[in-house]
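The lines below spell out each chain.
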Amino acid sequence: MSVTLTQEREIETPFEDDFLRHVAEITLGKVKLPGLGDKQIQLGVAAVSEEKIQSLNKEYRGNDKTTDILSFGDEVNFIEAGVLPEGEEFVLGDLIYSPDFIKRAALEDGISEKHEMIYIFSHGVLHLLGFDHSDEMFAIQDEVTEEIVKTI
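None of the values given here were measured: they were computed from a predicted structure.

Hey, could you run me through the sheet that holds strand β4 (residues 89-97) in this one?
Strands in a sheet are paired, the pairing made by backbone hydrogen bonds, and the direction either parallel or antiparallel. What the four strands build is an open sheet, ordered β1-β2-β4-β3; its pairing is mixed. The open sheet has two edge strands, β1 (2-9) and β3 (69-73), and neither has a second partner. In this sheet, neighbouring strand axes are inclined to one another by 20° on average, regardless of whether the strands run parallel or antiparallel. Two strands pair when backbone bridges link them, and β3 and β4 are joined in this way by five bridges, in the antiparallel orientation. Paired with Ser71 across the two strands is Leu95, which belongs to β4. Helix α2 (residues 50-61) rests against β3 and β4 of the sheet, and its axis sits at about 50° to β3.

Explain helix α1 (residues 17-30) to me, please; I cannot follow it from the model alone.
Across its 14 residues, α1 extends 20 Å between first and last C-alpha, which sits within 8% of the 20 Å expected from 1.5 Å per residue. Of the residues making up α1, those classed as buried are Phe19, Leu20, Val23, Ala24, Ile26, Thr27 and Leu28. Looking at the buried positions of α1, the neighbouring elements they touch are β1, β2 (40-47), β4, α5 (113-129) and α6 (135-149).

Got a minute to help me understand the nonpolar core in this structure?
Considering soluble globular proteins, one finds that nonpolar side chains tend to be buried as a cluster. If you look at the biggest cluster of nonpolar residues, it comprises 37 residues, and the most contacted ones within it are Leu20, Leu43, Leu92, Tyr97 and Phe121. Elements supplying a minimum of two residues to this core: β1, α1, β2, β4, α5 and α6. When residues in this core are grouped by element, the largest group, eight residues, is from α5. For Leu20, the residues in contact, after removing those within four places along its chain, are Leu5, Gln7, Phe15, Val45, Tyr97, Met117 and Phe121. By size, the runner-up hydrophobic cluster in this structure holds six residues, among which are Val48, Leu56, Leu70 and Ile96.

Quick question: what am I supposed to make of the packing of aromatic side chains here?
To describe a pair of aromatic rings, one takes the distance between the centres and the angle between the planes. Using the criterion set out here, one finds four aromatic pairs in the structure. Residues Phe15 and Tyr97 carry aromatic rings whose centres are separated by 6.0 Å and whose planes lie at 65° to one another, so their mutual orientation is edge-to-face. Of the two residues, Phe15 is situated in the loop between β1 and α1 and Tyr97 in strand β4; the sequence distance between them amounts to 82 residues. Pair check on accessibility: Phe15 and Tyr97 agree, each one buried.

Would you mind showing me how to read α5 here?
Note that an α-helix has 3.6 residues per turn; residues three or four places apart therefore point the same way. Between the first and last C-alpha of α5 there are 25 Å, a value that for 17 residues agrees with the 24 Å anticipated at 1.5 Å per step. Counting buried positions over the 17 residues of α5 gives 12, a clear majority of the element. Every buried residue belonging to α5 is among Glu116, Met117, Ile118, Ile120, Phe121, Ser122, His123, Gly124, Val125, Leu126, Leu128 and Leu129, and all of these are buried. Where α5 ends, the next residue or the one after it, Gly130, has phi of about 115°, a positive value.

Which parts of the structure should I look at to understand the packing of α5 against α6?
Each pair of packed helices can be summarised by the angle the axes make with each other and by the distance between the axes. It is at 9 Å that the axes of α5 and α6 come closest, and there the two elements cross at 140°. The pairing of α5 with α6 is recorded here as oblique in orientation. In the crossing of α5 with α6, the sense of the turn from one axis to the other is right-handed. Side by side, α5 and α6 meet where His115, Ile118, Tyr119, Ser122, His123, Leu126 and His127 of the first sit next to Met137, Phe138, Ile140, Gln141, Asp142, Val144, Thr145, Ile148 and Val149 of the second. For the contact of α5 with α6, the residue count by class is nine nonpolar, six polar and one charged.

Cut-offs applied
- Here the residue numbering is sequential within each chain, running from 1 through the sequence in written order.
- Confidence filtering applies because this is a predicted model: local features only for residues at pLDDT of at least 70, side-chain atom pairs given and counted only at 80 or more, and all residues used for totals across whole chains, interfaces and linings.
- Heavy atoms from the whole structure form the basis of all side-chain values; hydrogens and water molecules are not counted.
- A strand pair is defined by DSSP finding two or more bridges across the two strands.
- Secondary structure counts use DSSP, requiring at least four H or I residues in a row for a helix and at least two E residues in a row for a strand, with both numbered from the N terminus.
- Note on geometry: axes are C-alpha line fits, over the in-contact stretch for helices, and angles between N-to-C directions span 0 to 180 degrees.
- It only takes one pair of heavy atoms within 4.5 Å for two residues to be counted as in contact.
- Helix span, as expected, comes to 1.5 Å for every residue beyond the first.
- The buried label applies to any residue whose accessible area, calculated with a 1.4 Å probe on protein chains only, is under 20% of its type's maximum; exposed applies above 50%, and partly exposed to all values in between.
- Working definition of a nonpolar core: buried Ala, Val, Leu, Ile, Met, Phe, Trp, Tyr and Cys residues. They are joined through side-chain atoms within 4.5 Å.
- Two rings from Phe, Tyr or Trp (for Trp, the six-membered ring) form a pair when their centres sit within 6.5 Å of each other. Planes less than 30 degrees apart are called stacked, planes more than 60 degrees apart edge-to-face, and all others tilted.
- Note on angle classes: values under 35 degrees are labelled roughly parallel, values over 145 roughly antiparallel, values of 65 to 115 roughly perpendicular, and the remainder oblique.
- Two helices crossing with the near one rotated counterclockwise from the far one by less than a right angle form a left-handed crossing, whereas a clockwise rotation gives a right-handed crossing.
- Amino acid classes used here: Ala, Val, Leu, Ile, Met, Phe, Trp, Tyr, Cys and Pro are nonpolar; Asp, Glu, Lys and Arg are charged; the rest, including Gly, are polar.

Shown next as structure tokens:
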């Protein structure tokens, strides 16, 4: 499996492409989905202001408040279906995040920004595959975060 990540920076962000790609690859590697390991995965990422993410959250989720990350992908729940589209390439979707929100959350939690971002970014990747908030989803996030935090 390889992940091609394209990040648009509407605002400045401390999170480099290689870091985000690494989080995505570790997260995807923990998911038990046949054929996932053979895919060339495309992932779009955008760093936006809190105002922008609040606007998107209101428009697409009906929540008029700021948030950390939003996931925009195929309407197919790949986890429930148990299969991925045919072919070598797989467009996973887009993740839009707010660096300022993540920085503030990290301060509140008493952890580094990278630590917070690993957990949040892994969460977004899992949503793109079709995971809903569940013990399994949170266990994968915890495992990914624990594994990567040891290396930073």
